Amino acid sequence: MKITKICCIGAGYVGGPTMAIIAQKCPEITVTVVDINEERIAKWNDKDVNNIPIYEPGLSEIVGEARGRNLFFSTDVDKGIDEADLIFISVNTPTKTYGAGKGMAADLKYIELCARQIARVSKNDKIIVEKSTLPVRTAEAIKSILDNTGNGVQFQILSNPEFLAEGTAVEDLLNPDRVLIGGDTTPEGQKAIQALEDVYAHWVPRERILRTNVWSSELSKLTANAYLAQRVSSINALSELCEKTGADVNEVARAIGMDSRIGSKFLKASVGFGGSCFQKDILNLVYISKSFGLNEVADYWEQVIIMNDHQKRRFANNIVKTLYNTVSDKKIAFLGWAFKKDTNDTRESAAIYVANDLVNENAKIAVYDPKVSQKQVLADLDYLETRNSIENAKFVTSFSDAYEACNNAHAIAILTEWDEFKQLDWNKIYDQMQKPAFVFDGRNLLDGDKLKKIGFVYQAIGS
Ligand code: NAD
Ligand code: UGA
């Protein structure tokens, strides 16, 4: 079976970049990305390609090349489904905020809505690909909905989780460590896997395309994120011990990372991991484990989240303690709000929680992030529902210039590791600040010795 028309439901951080690359690499395939969010689709279609809704280095150029040729963005979900031979489901799967499993299980309502819409609209056989991150055995539910349409249409369901990281999405998609495709062991299932493999084989070497059964594929995605997050929580746990003992966490990370069995990646101590996936996916794993009665397994993984929450709170507490136990009415500049550099995504960013704790102490927060708007900063705080939006706006302001944000501040907190923060004129910043001038480097980003020479009191994580 040769795929000529692809539809992707969900034009977000995964659907948008992934489909842009498929369209670029497979010019003979028509790729349509559909979404119910009209504003998002309008931005994807903005004639100035720099206004697309997702910031990723290199993405706007690729969209510029393929859009209008074989890459299309639309709000007409029915039409996209009807015309496609292969449909990616790439909608959001957030943590449930209500009912059974509240605060832990994945909310699958968007997935189910997609399945029902596909079932209703489809007139010919299709391959349905789970691209979203899903609890193990979700394909069973999708299959049950699709198989009960009564109109004789045959569906094959594949799991093809995405491993890209934000900020490096284009690079990760162009050169993936592996592509994972899970499908049925039946001949029809194998044919569907082959069809999807042939799409990726336009640019991914076949030996990097891995075939598994559907359940292994679903569970591998949750497991990959749990392992990565566990590494960050492990090094962050050690960072606290380093601070008590005089060891330096950067040196410890370097020393253990050179052991090839451990490896050097994901050992950067930080204020805590953020992003839309680690916490959600680990909670999901914890929930599944509990639902099978595996309480020790659940507790083991939950500790990764507990450690991460502790690290964020510890960072905020340390600021208060160091500023003579009060930050009331003091200006604290936040450099960075996104959950990591090179993205405009702020979901679950550590900055939100640190700001929230400091506002509880009546601090005034001045935020500068090169890709995040004031509207987004306030929306993130409002979402926590600790206080109302008028109160939040009284305490938190955004600036479009780092120097303005730092002007007159008592302290600076580095929350995102944007490269440009290293290039700032730190002498100029020092001159504008209240003295003693503090820098709390939540990303171990800056040259501490240089800052200390200027006169700053500099504190990094774990040293
Ligand atoms: P996102 O919120 O950025 O995008 C999801 C989009 O789906 C939204 O624009 C929403 O409007 C749309 N949508 C929801 N229901 C819909 C429906 N019924 N019909 C049409 N559109 C609908 O989410 P994301 O970050 O792209 O994540 C999507 C999935 O991919 C999640 O399961 C996530 O865990 C997984 N994932 C994300 C990343 C990442 O880096 N963000 C990486 C790997 C996997
Ligand atoms: C992560 C995974 O890396 C992707 O493989 C996966 O596809 C994705 O989740 C997902 O499922 O959504 P992402 O959340 O975009 O990607 O970003 P990461 O680079 O993993 O960073 C996550 C958080 O950990 C960030 O806040 C980052 O600053 C922090 N981190 C990362 C550290 O604190 N230290 C490190 O050494 C590495």
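About the cut-offs
- Residues numbered from 1 in each chain as written.
- Chains lettered and ligands numbered in written order.
- Predicted model: local features only at pLDDT ≥ 70, side-chain atom pairs only at ≥ 80, totals over all residues.
- Heavy atoms only, no water.
- Near = heavy atom within 4 Å.
- Polar contact = N/O pair within 3.5 Å; in protein donor to acceptor, adjacent residues only side chain to side chain.
- Areas by Shrake-Rupley, 256 points an atom, 1.4 Å probe, with all protein chains shown as cover.
- Pairing = 2+ DSSP bridges.
- Helix = DSSP H or I, 4+ residues; strand = E, 2+ residues; numbered from the N terminus.
- Axes fitted to C-alpha atoms, helices over the stretch in contact; angles between N-to-C directions.
- Contact = heavy atoms within 4.5 Å.
- Buried < 20%, exposed > 50% of the residue type's maximum accessible area, 1.4 Å probe, protein only.
- Salt bridge = Lys/Arg side-chain N within 4 Å of Asp/Glu carboxyl O.
- Expected span 1.5 Å × (residues − 1).
- Bend = angle between axes of the 7 residues up to and from the residue.
- Disulfide = S-S within 2.5 Å.
- Core = buried A, V, L, I, M, F, W, Y, C linked by side-chain atoms within 4.5 Å.
- Phe/Tyr/Trp six-rings, centres within 6.5 Å; stacked < 30°, edge-to-face > 60°.

Chemist: Please provide a residue-by-residue account of the site of ligand 2, values included.
Modeler: Neighbouring ligand 2 are 20 residues, the closest being Phe163, Leu164, Ser270, Cys277 and Arg443. A distance of 2.8 Å separates an oxygen atom of ligand 2 from a polar backbone atom of Glu166. Separating an oxygen atom of ligand 2 from a side-chain N or O atom of Lys221 is a distance of 2.8 Å. Notes on ligand 2: free accessible area 700 Å², of which the protein chains cover 90%.

Chemist: Any details on the sheet that holds strand β10 (residues 364-368)? Residues and values, ideally.
Modeler: With parallel pairing, six strands are arranged side by side in an open sheet as β11-β10-β9-β12-β13-β14. The open sheet has two edge strands, β11 (396-398) and β14 (457-460), and neither has a second partner. Ignoring strand direction, the axes of neighbouring strands in this sheet form an average angle of 20°. For strand β9 (residues 331-335) and strand β12 (residues 411-414), the ladder comprises four bridges, and the chain directions are parallel. What sits directly across from Ala333, in β12, is Ile412. Its contacts with the sheet place helix α12 (residues 295-322) against β9, β12, β13 (438-441) and β14, and it is angled at close to 165° to β13. Its contacts with the sheet put helix α13 (residues 350-360) on β9, β10 and β11, and the angle it makes with β9 is roughly 180°.

Chemist: Pulling in residues and values, what's your account of the site of ligand 1?
Modeler: Around ligand 1, the surrounding shell holds 25 residues, and the nearest of these are Asp35, Arg40, Thr93, Glu166 and Lys280. Within the backbone of Val14, an N or O atom sits 2.9 Å from an oxygen atom of ligand 1. At 2.6 Å from an oxygen atom of ligand 1 is found a side-chain nitrogen or oxygen belonging to Asp35. The protein chains hide 93% of the 830 Å² of surface that ligand 1 would expose on its own.

Chemist: Explain the environment of Leu86 to me, and be specific about the residues and the numbers.
Modeler: Among the structural elements, Leu86 can be located in strand β4 (residues 86-89). Spatially, the C-alpha atoms of Leu86 and Ile127 are 4.7 Å apart, while their sequence positions differ by 41 residues.

Chemist: Please provide a residue-by-residue account of the pairing of strand β3 (residues 71-74), values included.
Modeler: What you see with β3 is a clean split: Leu71 and Phe73 sit on the buried side and Phe72 and Ser74 on the side with no burial. Note: strand β2 (residues 30-34) against β3, four bridges, orientation parallel. Residue pairing in the sheet places Val31 in a bridge with Leu71 of β3.

Chemist: So what about the pattern of salt bridges? Which residues, and what values?
Modeler: In a structure, side chains of opposite charge can pair up when their charged atoms sit close to one another. Here the structure, examined in full by the defined rule, presents 26 salt bridges. Between Glu83 and Lys79 there is a salt bridge whose closest N-O contact spans 3.8 Å. In this pair, Glu83 and Lys79 are both assigned in helix α4 (residues 77-83), four residues apart and thus about one turn of the helix distant. By relative accessible area, which is 40% here, Glu83 ends up partly exposed.

Chemist: Just give me the short version of α12, but keep the residues and values in it.
Modeler: Over its 28 residues, α12 runs 39 Å from end to end, which matches the ideal 40 Å to within 8%, given 1.5 Å per residue. The largest bend in α12 is about 25°, located at Glu302.

Chemist: Can you lay out the state of the cysteines for me, pointing to particular residues and giving the numbers?
Modeler: One way to say it: the disulfide is the covalent bond shared by the sulfur atoms of two cysteines. As enumerated under the stated definition, the model contains zero disulfides in all. Cysteine Cys8 remains unbridged, with the sulfur of Cys7 as its closest cysteine sulfur at 7.0 Å. Unpaired in terms of disulfides, Cys114 finds its nearest cysteine sulfur in Cys7, a separation of 9.3 Å.

Chemist: Residue-level account of unusual backbone geometry, with values.
Modeler: As a rule of thumb, non-glycine residues mostly have phi less than zero, and peptide bonds are mostly trans rather than cis. With an omega of -5°, the peptide bond running from Lys435 to Pro436 counts as cis. In this structure, Pro436 sits in the loop between α17 (426-432) and β13. Residues other than glycine seldom take positive phi values, yet Tyr324 does so here, at roughly 60°.

Chemist: Let's hear about the nonpolar core: which residues, and what values?
Modeler: One finds Ile6, Met19, Ile22, Leu71, Phe88 and Tyr200 to be the most contacted residues of the largest nonpolar core, which totals 45 residues. In terms of residue count, the dominant contributor to this core is helix α8 (residues 187-200) (six residues). Apart from residues no more than four positions distant in its own chain, Met19 is found in contact with Ile6, Cys8, Val31, Val33, Leu71 and Phe88. In this structure, Ile235, Val359, Ala411 and Ala413 belong to the second largest nonpolar core, which totals 39 residues.

Chemist: Could you give an account of the packing of aromatic side chains, with specific residues and numbers?
Modeler: The full count for this structure, using the stated rule, is twelve aromatic pairs. Seen from their ring centres, Tyr227 and Trp301 are 5.8 Å apart, and the 45° between their planes marks the pair as tilted. With Tyr227 in helix α9 (residues 214-245) and Trp301 in helix α12, this pair connects stretches of sequence that are 74 residues apart. The partly exposed category is assigned to Tyr227, whose relative accessible area is 48%. Taken together, a centroid distance of 5.1 Å and an interplanar angle of 75° make the contact between Tyr430 and Phe456 edge-to-face.

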